[in-house]
Amino acid sequence: ALLKNPHQVLESSAIAAYAIGAQQAFIYLRGCFVHEEKSLMNALAEAEHADFVGASGILPLKIIIHRGENAYIAGEETALLESLEGKPAIPRTKPPRPYESGLWEKPTLVSNIETICNTINIVLYGIDEFRKFGTPESAGTKIFCLSGQIRNLGLYELPLGTLLSEILYDH
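Residues numbered from 1 in each chain as written. Predicted model: local features only at pLDDT ≥ 70, side-chain atom pairs only at ≥ 80, totals over all residues. Heavy atoms only, no water.

Draft legend 1. Spotlight on the environment of L109. Along the polypeptide, L109 turns up in the loop between α3 (77–84) and α4 (113–125). With 53 residues separating them along the chain, L109 and S56 place their C-alpha atoms 24 Å apart. (Helix = DSSP H or I, 4+ residues; strand = E, 2+ residues; numbered from the N terminus.)

Draft legend 2. A look at the nonpolar core. Counting residues in each nonpolar core, the largest one holds 19 residues, and the members touching the most others are L10, I27, L40, L61 and I63. At the level of secondary structure, the elements contributing two or more residues to this core comprise α1 (6–20), β1 (24–29), α2 (34–49) and β2 (62–67). Discounting chain neighbours no more than four positions away, the residues touching L40 are L3, P6, V9, L10, I27, L29 and I65. A74, L80, L81 and A89 belong to the second largest nonpolar core, which has eight residues in total. (Core = buried A, V, L, I, M, F, W, Y, C linked by side-chain atoms within 4.5 Å. Buried < 20%, exposed > 50% of the residue type's maximum accessible area, 1.4 Å probe, protein only. Contact = heavy atoms within 4.5 Å.)

Draft legend 3. Here's a closer look at the environment of L81. With respect to the helices, strands and loops of the structure, L81 is situated in helix α3. Here L81 falls in the buried class, since its relative accessible area comes to 1%. Taking the C-alpha atoms as reference points, L81 and R92, eleven residues apart in sequence, are found 8.9 Å from one another. For L81, the contacting residues outside a window of four places in its chain are R92, P98, G102, L103, T108 and V110.

Draft legend 4. Just the side chain of E85, in detail. For E85, the position within the fold is in the loop between α3 and α4. Of the polar contacts made by the side chain of E85, one reaches the side chain of K87; its length is 2.8 Å. Within the structure, the side chain of E85 is placed 2.5 Å from the backbone nitrogen of W104, a separation counted as a polar contact. Setting aside residues up to four positions removed in sequence, E85 forms contacts with R92, G102, L103, W104 and E105. (Polar contact = N/O pair within 3.5 Å; in protein donor to acceptor, adjacent residues only side chain to side chain.)

Everything listed here is a matter of geometry and, on its own, says nothing about what the molecule does.
Written out as structure tokens, the structure is:
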């Protein structure tokens, strides 16, 4: 659902890369996300043309969009790194953790796009506004997907800490 707004995904990824001083960022897509890959590639070309990112951009960040394996296990952080390196998506033995020795044995931040997309609201509105949602231990919102034999199917963005019964019966 977040990939329906490819510029948000790119901007959030660029903010996260800037925050940690990275010069390169990868957006890893499951193999079945063919349409989303095209959409992201078009948005990236627009961002590079506008000099927001890229070698001559405001943020000299190289963003690489990689459509990898379609296997569920490819979402595990170390299996994803293996796939990016051109190997089968098989989880690595830990330790070391990716932040110690990740992609091509370099320290690597691996995060899901929902978490990364939260950076835009934090940057725009501040951490205090972000913390108004959720719990003291887990601030912010989460996207919940309701499917199956229920009345109101769909995606719901709700504060972290929302009870499952509330999601099912109130939303």
